[in-house]
Amino acid sequence: MYEQVSHSLLNDILSELDPEIQGEGLRYFYTRLGANFYPIHSLFTILYGKRDDFRSHIQHLVETMARQYVQRPEYLRASDLEREKDHNWFLSQEWVGMALYADGFARDLPDLIQRVNYFPELGVNMVHLMPMMQCPQGASDGGYAISDFRQIDSRFGEMEDVQELAGELRKRNILLTLDVVVNHTSNEHQWAKLAQAGDSCYQDYYYIFDNREIPDMFEVSMPEIFPETAPGNFTWNEAMGKWVMTVFNSYQWDLNYSNPAVFIEMLDIILYWANQGTDILRLDAVAFLWKKIGSICQNEREAHLLLQLMKDCCQVTAPGVLFIAEAIVAPVEIIKYFGEDAIHAKECEIAYNATFMALLWDAVATKNARLLTQGVKSLPDKLDRATWLNYLRCHDDIGLGFDDNDIRAVEYDPHAHRQFLIDYYTGNYDNSPARGLPFGYNDKTGDTRISGSLASLAGLESALEDEDPERIDVAIKTILLLHGMIMAFGGIPLLYYGDAIGTLNDRTYLGDPAKANDSRWAHRPRMDWEKAALRNTPGTIEYRLFTAIKKMIAVRKEVAAFADFNNRELLDVGNPHLFVFSRFEVLQPTNRVLVVANFDSAPQHLNLEDISRTAYFRYGSVRDLYTGERPAMFKEELVIPPYQFYWLTDYPLAL
Ligand code: GLC
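Residues numbered from 1 in each chain as written. Predicted model: local features only at pLDDT ≥ 70, side-chain atom pairs only at ≥ 80, totals over all residues. Heavy atoms only, no water.

**What to know about the overall build of the protein chain**
The condition that has to hold: Note on conventions: DSSP H or I runs of at least 4 residues are helices, E runs of at least 2 residues are strands, and numbering of each starts at the N terminus. For this measure, only C-alpha atoms enter the radius of gyration; the expected value for a globule follows 2.2 Å times N^0.38, where N is the number of residues. Relative accessibility under 20% of the residue-type maximum defines a buried residue, over 50% an exposed one, and the middle range a partly exposed one, all with a 1.4 Å probe and only protein chains included. In this description, contact between two residues means that some pair of their heavy atoms is separated by no more than 4.5 Å. Only the protein chains shown count as cover for residues, with accessible areas throughout obtained via the Shrake-Rupley method and a probe of 1.4 Å. This count recognises Lys and Arg as positive and Asp and Glu as negative, with His and chain-terminal groups excluded. Working definition for charges: the position is that of NZ of Lys, CZ of Arg, CG of Asp or CD of Glu.
For the protein chain, the helix and strand inventory stands at 24 helices and 25 strands. The C-alpha atoms of the protein chain give a radius of gyration of 25 Å, which matches the 26 Å a tight globule of 655 residues would have. A total of 655 residues make up the protein chain; the buried ones form 61% of that total. Across the protein chain, every contact between residues at least 6 apart in sequence was considered, and the portion connecting residues at least 24 apart equals 72%. For the protein chain, the accessible area works out to roughly 25,000 Å², and carbon and sulfur atoms hold 50% of it. Charge centroids of the protein chain, computed over 60 positive and 93 negative side chains, lie 4 Å from each other.

**Observations concerning the sheet that holds strand S18 (residues 568-571)**
Cut-off, in case you're wondering: At least two DSSP bridges between two strands are required for those strands to pair. Fitted lines through C-alpha atoms give the axes, limited to the stretch in contact for helices. The angle between two N-to-C directions lies from 0 to 180 degrees.
Strands sit in the order S18-S19-S20-S25-S22 across an open sheet of five strands; the sheet is antiparallel. The open sheet terminates on both sides in strands that have one partner only, identified here as S18 and strand S22 (623-624). Pairing of S18 with strand S19 (residues 578-584) involves four bridges; the strand directions are antiparallel. Paired with Arg-568 across the two strands is Arg-583, which belongs to S19. Here helix H21 (residues 469-488) sits on the sheet in contact with S19, strand S20 (592-598) and strand S25 (645-649), set at roughly 40° to S25.

**Brief notes about the packing of aromatic side chains**
Just so we agree on the cut-off: Aromatic pairs are defined between Phe, Tyr and Trp rings, using the six-membered ring for Trp, whenever the two ring centres lie within 6.5 Å; interplanar angles under 30 degrees are classed as stacked, those over 60 as edge-to-face, and all others as tilted. Only Lys NZ and Arg CZ are tested; either one counts as a charge over a ring when it is within 6 Å of the ring centre and within 35 degrees of the ring normal.
Counted according to the given criterion, the structure contains 42 aromatic pairs. Ring geometry for Trp-191 versus Tyr-205: centroids 5.1 Å apart, planes at 65°, classification edge-to-face. Residue Trp-191 is located in helix H9 (residues 190-196), and its partner Tyr-205 is located in the loop between helix H10 (200-203) and strand S7 (208-209); the two are separated by 14 residues in the primary sequence. Cluster of aromatic residues (ring-pair linked, three or more members): Phe-105, Tyr-118, Phe-119, Trp-529 and Phe-546. Residue placement shows Arg-212 over the ring face of Trp-243; its charged tip is 4.4 Å from the ring centre. Lying over the aromatic face of Tyr-626, Lys-551 brings its terminal NZ or CZ to 5.3 Å of the ring centre.

**Section: helix H4 (residues 74-85)**
Because an α-helix completes one turn every 3.6 residues, residues spaced three or four positions apart along the sequence face the same direction. What counts here: Under the convention used throughout, the expected extent of a helix is 1.5 Å for every residue step, that is, one less than its residue count. Here, the arc refers to the directions that run from the helix axis to the C-beta atoms.
For H4, which comprises 12 residues, the first-to-last C-alpha distance of 17 Å matches the rise-based estimate of 16 Å (1.5 Å per residue) to within 8%. All of the buried residues in H4 are Leu-76, Arg-77, Ser-79, Asp-80 and Arg-83. Projection of H4 onto a plane perpendicular to its axis shows the buried side chains occupying an angular sector of 160°, all on one side. Relative to its buried face, H4 has exposed residues pointing more than 90 degrees away, namely Glu-74, Glu-82 and Lys-85. On the buried face of H4, the contacting elements are helix H2 (27-48), helix H3 (54-71), helix H8 (159-171), strand S5 (175-180), helix H12 (260-274) and helix H13 (301-317).

**Looking at the pattern of salt bridges**
The test is simple: For this document, the term salt bridge refers to a Lys or Arg side-chain nitrogen within 4 Å of an Asp or Glu carboxyl oxygen.
Counted under the stated rule, the structure contains 44 salt bridges. Here Arg-72 ties to Asp-80 by a salt bridge, and the two come within 2.8 Å at their closest N and O atoms. Exposure class is identical for Arg-72 and Asp-80. Each is buried. A salt bridge links Lys-444 to Glu-224; the nearest nitrogen and oxygen atoms lie 2.9 Å apart. Of this pair, Lys-444 sits in the loop between strand S15 (437-439) and strand S16 (449-451) while Glu-224 sits in the loop between helix H11 (213-221) and strand S8 (234-237), and the two are 220 residues apart along the sequence.

**Comments concerning the environment of Tyr-643**
Structurally, the position occupied by Tyr-643 is in the loop between strand S24 (637-640) and S25. Between the C-alpha atoms of Tyr-643 and Gly-440, which are 203 residues apart in sequence, the distance is 30 Å. Once residues within four sequence positions are removed from consideration, Tyr-643 is found in contact with Lys-367, Val-474, Lys-477, Thr-478, Leu-481, Asn-598, Phe-599, Asp-600 and Ser-601.

What follows is the structure, given as C-alpha cells:
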C-alpha cells in the first residue's frame, strides 16, 4: 500500500543506506520492501513509536534486511521467486515431515548425512532438526537454551556440516526445518554475560529488576511452566544482585522485546538461518514473546504484532521461507498465530495442531471419539494459505489443553476427565496398557502433563513385557490408526523419529543428572539402528509398522483431496466410537474421501446410505485407498474392525 508518511520515510532511509548495500542486484529486494514497508512501519510504530530513538532503529531494521539480502545465495533467491509464483506449494499433500535430534537419530551431523536416505525410503520430505546451536554443557533444556545463535554446538559438528546436510536434503527435494529460539537465550549467551558484567545496554535485552517489587506483581497472574524444576518466573542473579525473568528454566533468560534492539537482533538471526538454506523456521515458544503485568504473559496482542513484523520483514529478504508457530496454547488461541486479521497467513504459515494431537490421545484412552469430534467441531477455520502440523508425538510432553466447554459438551466433568487421562497414561488406571510418565506436576493447581514414546503410550511396551500377542496387535493397530488420522486430516503430518519402528520409552536419562528430573527425555531416544534394520524383516513389529506407515505416506501423496485448503467436513454419525470426516478435492469437489476411524475394541457399523445423503458419498463402488480393497460391508452397512481406519473413496483414482 502506498502511504505518504511511510513512503517518504523509506526514501530517506534508502538515501542514507551504506553504499555496499545499495545498487545492483537488489531489484526484488526493493519491490518487496516497497510492498511491505507500510505494514512494517505501522507495526514498528505501534510497538516502538514512542521512543526517541525510533528513527535510528527503523533505519537499522531496513539495513539489517538489506544486508541479509545481499548475502542471500543466488540459489535461494531463485527458490524465493519460484515459491512466489507457486505460493500454495506447501499446502500440497505431497509433504510429510519428521522431527528428530541430529544426535539422537544419528551420532552427529556427519553421521546424519550418511543416513539421509532413510527419509526418502519412508517417504519423508521435510525434516525438522531440533536445536543444534551452541548451548551450555550441562542442562540446556534439550538445546533450547542457546549461548550463540550463529554457532553449531561442537557436539553436533560444524556450520559446514549444516550446509552439506542442507545440500544433501535439497538434492532429494527434502525441506529443512530448523529452530530459532526467539523467546529467550541461555545465561551463557554473550548478551547475558555482558548484562551480568553490568552493561546496562545489555541488561535492557532482558527483564532485569533490582528488587522483588515488579516480579511479585508479575507472579500474581503468571503461571509456572516447569513448576517442579523451575518454580516461579524469576531467578536471582548473584553477579548483578538483581532478579531476571526466567519463565522456563532458571538458565533461560527471557528476551525483552519492548526493546527494538532485541527485535532487530533476532530478526537478523532469523534471516541468517534463512540464508543457510533453511526452508522453514520453527519459532519456539512464540506465545511468550510479550510480558504484561496482570496477564498470564502469553498470547498478548503485541506477541502477535511482533510475529507479523517478523513475517513482513522476512518476506522482504527471504520470502520463500516459512514460519512454524510453536504455540502450545488453548485451541482458540493457537489459530491466531496464523495472523488474526489477515485473509492470508500473516504471522506463521504453519502451526502445531496441539489440539488435534491431544484429542486423538483422548480418543485412544476413552475408546470413543466424543471429545475428538466435539473438539474438532470447535476448531475455527484456518485462514487461506495456512496449514497445520499434525502430529502424535514430539520431543515435548502432552498437555491436555482441551477447551473445558468442549469437555462439558460431551458430558464429562473437566477436572475428573483430565485426571482420568493422566491416570490412564501414567499407569495409575487399572488395566491401562499405557506406560507414560507424569511431567510438570503442579502441586498448586494439580495439573500434570504426560511424557512417553508413542509406542509406550499406545500399549506396545506393556504388551511386550507381558508377551501378549493380542495386545501387541492392538498396540500396532492403535499406532497405525493414529498415523492414519494425521495423514488425512489436512495439514503436514509430522512424524517423530523412532515412531515408525515402534521405539519404546528410553530410561537411560535417569542416569544423567542434567536430565534425570525431566521425564521428556524418556521419549528423546538414541535411534537403535539394529532395531531399525528389522524394518526389512517380514513378521517383525518394526516391519509391520514401517511398511504400513510407508504405504500410508505413498497413498497420501497421490490423493489430491488430502491437500489442505480447508476442504474437510466433519460428520456426526451418531456412533460415539467412530470419528468420521470427509475430504474433497477443491477443484473437483465430487471427488471425496471418507475417513472413518474406529477407536473401540469392538467392531462398529456405519450406514453408508445415511452418509451418502449428507456427504454426497456414493457408496456403490466403495474402496479403501489404503488397502486398495473393498471393505467389509453388509448391504449398505460398513463394518469397521476394532482400532482400524478406512480412507474410503467412491471415485476411480489412478494409484
Ligand atoms: C518449546 C520447546 C520446549 C522448550 C521450551 C522452552 O516449548 O518445544 O522443548 O522446553 O520451548 O524453550
